[in-house]
Structures are given as C-alpha cells and as structure tokens.
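Structural overview for review
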Amino acid sequence: RKQLLDAFVRYLELKAQRGLEADPCELIAEANASVGARVLVNWHTAIGLSTVVSPYKEFKLSQYEERKNLWKMYPCKARKNDTMISTPFNGNQRAKLLESIINRQLDLAQLEAQGYITSIFPLDSRDKIERTDHEHAEPEPSKLLTGWGLPETANPTLKAWAFTRTMFKPVPLCEVKTYYGERVAFYFALVNLICRWLVFPGLVGLVTFGAQRVIYYDPRTEHAPRLRVILDVFYAFVMAIWGTVVLERWKREQCSLALRWGQRGMNKAEAPRPHYHGITRRNPITYEDGQTHYPES
C-alpha cells in the first residue's frame with residue numbers, strides 16, 4: 001500500500017511538471033520505476049491496451065476492430081452493395097459527428113443569418129426502413145417501418161386501415177433513439193405514457209358523463225341533487241390524483257430511460273437563433289423609442 005501511495009504521488013508530481021500533453025503511460029512507467037515495482041496501472045493497461053488513444057487523435061476504425069469485444073459495435077452498410085461493416089457509432093451519432101466536423105470549418109449560424117444557406121439537416125438512410133443487425137441476404141423491414149410505415153398505395157382506405165393498426169403497436173423507443181436521437185425518443189416516450197394512462201380517465205369521464213345526462217337538472221331553477229354533487233366531486237378528486245400519479249410515473253420513466261441511454265446529468269445548450277434580432281422597446285432610462293432589447297432566457 002505504501003509503494004502504491006508513493007507511486008501515485010510521484011505520478012502527480014510528474015503530471016504537474018510536464019503538463020497535460022505528457023503521455024500518461026510514460027508517467028506511470030516512471031512512477032513505477034521510482035518505487036521499484038509495477039504497482040500503478042491505468043484501466044487501459046489493465047484490459048491489455050498498449051497505448052492510450054488521445055481525444056484529438058485521428059479516428060481509425062482498425063483500432064476498434066482489433067478488440068470488438070471491448071466496444072459496443074453497430075452494423076451498417078458500406079458504400080458497396082451488400083457489404084456490412086461494424087462501427088462504434090450508430091447512425092444518429094455519425095450524423096452528429098459529421099455536423100461537428102462541418103461546424104469546425106464553417107460558421108453555419110452566420111451563413112444562415114446572411115442568407116447563404118437556408119437550413120442544414122441530414123438525409124434519411126436505409127436504417128430507417130431496413131434492419132442492419134442481421135446477416136441475411138434479403139433486407140428485412142425495420143421496426144420503425146413495421147410500426148409506423150404506411151403502404152405505398154394510392155388507395156386512401158388501405159392507408160387509413162394501416163394507420164389505424166399502427167395506433168395499437170408499441171413505440172420502438174430504442175430504434176427511435178438510435179435513428180432520431182435521445183431528444184426525439186424522450187418525446188415519444190412521454191406521448192406513449194400519456195396515451196396509455198389516458199384510458200383510465202377516459203373511462204371514468206365516460207361514466208360520469210352518462211350519469212350527468214341521467215341526473216340532469218337546471219342550475220337556474222333547481223338545486224343540484226346530492227348524488228350529482230357527490231359524483232362531480234368524486235370525478236374532480238380522481239382527476240387530481242390521476243394527474244399527480246402520471247407526473248410522478250413520468251419522472252421515474254424519464255430517469256430510467258436517461259440512465260439506460262447515458263443521458264443522466266446532461267443538459268442541452270440551446271444555440272442562439274441567427275434570425276433573431278431582438279425586440280424593439282422604449283429605453284427605460286432615456287424614454288426613447290427604438291431600442292433593441294435581448295431579454296434574458
């Protein structure tokens with residue numbers, strides 16, 4: 001234990017002397033040499049990796065293909081037909097990486113504000129309608145297509161029937177997250193939960209509406225029957241309890257999905273809108289009109 005502590009202290013000293021650009025593996029080797037034993041290792045060395053990949057180093061797929069069992073891999077189609085490759089990034093992550101590369105070279109917000117470009121968005125890929133997690137020769141329809149797809153026909157009756165059938169199918173949240181991103185998947189998770197939980201207040205409201213039609217009275221000339229008052233108060237109480245329960249249930253569902261998708265503690269930074277030029281108001285000090293104001297969010 002004393003050797004480990006001495007080696008760690010020596011490592012911190014070397015790190016402070018040489019800065020962040022120093023190779024961690026070299027620092028660990030020097031720290032172990034100072035105590036005469038190999039007591040200090042990092043997780044890369046523990047799992048058998050020879051070097052530490054720098055975050056600014058050029059990405060090479062071969063580094064991941066050598067040890068596929070250590071990384072989560074996603075199958076995708078190559079540019080050649082009927083050729084599948086494995087990559088550590090899914091389709092949504094590849095689109096975000098491409099956008100980050102473009103943003104490092106161009107100021108898209110400024111170009112959009114000056115009118116050089118209208119908008120920028122990724123095109124749909126085959127992952128939306130075909131499964132890529134199998135090795136069959138014939139492509140199979142994806143869960144997004146089977147769950148939300150409509151037949152390619154001009155008959156409106158068939159389209160309406162297909163749309164009605166999709167209403168009762170569960171939302172493929174994992175596929176939505178992989179293709180559209182976590183933000184869109186959270187939206188559909190909320191919609192899916194609300195649709196399921198609306199069945200109970202719908203039934204209670206239907207029974208209450210039927211009872212109100214049976215126990216009818218004119219509030220201008222008659223007093224409300226006691227049974228009608230009890231029924232109305234009961235319905236209001238049930239709806240208040242239902243709203244609280246649904247809110248707490250969504251909080252648990254949201255935390256569960258965030259933990260499963262690795263989104264805990266992450267906040268989305270809203271980029272400034274390039275077409276927003278503030279609002280015009282009267283200056284509160286000089287009382288002159290025409291001042292451009294940018295309200296705080």
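Details of the structure are given in the entry above.
The structure presented is a predicted model; accordingly, all values stated were derived computationally and were not measured.

A few words on the overall build of the chain. Check the secondary structure of the chain and you find twelve helices and four strands. When burial is assessed residue by residue, the chain has 19% of its 297 residues classed as buried. Considering only contacts within the chain whose residues lie at least 6 apart along the sequence, 38% involve residues at least 24 apart. Carbon together with sulfur atoms contributes 58% to the accessible area of the chain, which is approximately 23,400 Å² in total.

Bringing the pattern of salt bridges into the picture now. Per the counting criterion, the structure on display carries eight salt bridges. Note that Arg-10 and Glu-13 form a salt bridge whose closest N and O atoms lie 3.3 Å from each other. Of the two residues, Arg-10 and Glu-13 both sit in helix H1 (residues 2-18), three residues apart, roughly one turn of that helix. When its relative accessible area of 30% is taken as the criterion, Arg-10 is described as partly exposed. With a relative accessible area of 38%, Glu-13 lands in the partly exposed category. A salt bridge links Arg-249 to Glu-253; the nearest nitrogen and oxygen atoms lie 3.2 Å apart. Taken together, the residues Arg-249 and Glu-253, both in helix H12 (residues 226-260) and four residues apart, mark about one turn of the helix. The class of Arg-249 is partly exposed, set by a relative accessible area of 31%.

Let's shift gears to the nonpolar core. Counting 15 residues, the largest nonpolar core has Leu-173, Val-176, Phe-186, Ala-189, Trp-250, Leu-257 and Trp-261 as its most contacted members. Ranked by the residues each element gives to this core, the list is headed by H12, at five residues. Every residue in contact with Phe-186, bar those within four places of it in the chain, is listed here: Trp-250, Gln-254, Leu-257, Ala-258, Trp-261 and Gln-263. Among the nonpolar cores identified, the runner-up in size contains eight residues, and Ala-22, Leu-27, Ile-28 and Ala-31 belong to it.

One pass over the structure, following the stated rule, counts three aromatic pairs. Look at Phe-186 and Trp-261: their rings are 5.3 Å apart centre to centre, the planes differ by 65°, and that puts the pair in the edge-to-face class. Highlighted residues: Phe-186 in helix H10 (residues 182-197) and Trp-261 in the loop between H12 and strand S3 (279-281), separated in sequence by 75 residues. Residue Phe-186 is classed as buried on the basis of its relative accessible area, which comes to 18%. Each ring, one from Tyr-187 and one from Phe-188, has its centre 5.2 Å from the other, and the planes form 75°; the classification is edge-to-face.

Alternating positions in strand S1 (residues 74-77) separate cleanly, Tyr-74 and Cys-76 being buried on one face and Pro-75 and Lys-77 remaining unburied on the opposite face. Bridge count for S1 against strand S2 (residues 84-87) is four bridges, and the pairing is antiparallel. Paired with Pro-75 across the bridge in S2 is Ser-86.

The next point concerns unusual backbone geometry. Here the phi dihedral of Tyr-287 falls at roughly 60°; this positive angle occurs in a residue that is not glycine. One can find Tyr-287 in the loop between S3 and strand S4 (291-293).

Looking now at H1. Given 3.6 residues per turn, any residue in an α-helix points the same way as the ones three and four places further on. Look at H1: 24 Å from first C-alpha to last across 17 residues, which is about the 24 Å you get at 1.5 Å a residue. Buried residues along H1 sit in contact with helix H2 (24-35). Looking one or two residues past H1, Gly-19 carries a phi angle of roughly 85°, positive in sign.

What counts and what doesn't
- Residues numbered from 1 in each chain as written.
- Predicted model: local features only at pLDDT ≥ 70, side-chain atom pairs only at ≥ 80, totals over all residues.
- Heavy atoms only, no water.
- Helix = DSSP H or I, 4+ residues; strand = E, 2+ residues; numbered from the N terminus.
- Buried < 20%, exposed > 50% of the residue type's maximum accessible area, 1.4 Å probe, protein only.
- Contact = heavy atoms within 4.5 Å.
- Areas by Shrake-Rupley, 256 points an atom, 1.4 Å probe, with all protein chains shown as cover.
- Salt bridge = Lys/Arg side-chain N within 4 Å of Asp/Glu carboxyl O.
- Core = buried A, V, L, I, M, F, W, Y, C linked by side-chain atoms within 4.5 Å.
- Phe/Tyr/Trp six-rings, centres within 6.5 Å; stacked < 30°, edge-to-face > 60°.
- Pairing = 2+ DSSP bridges.
- Expected span 1.5 Å × (residues − 1).

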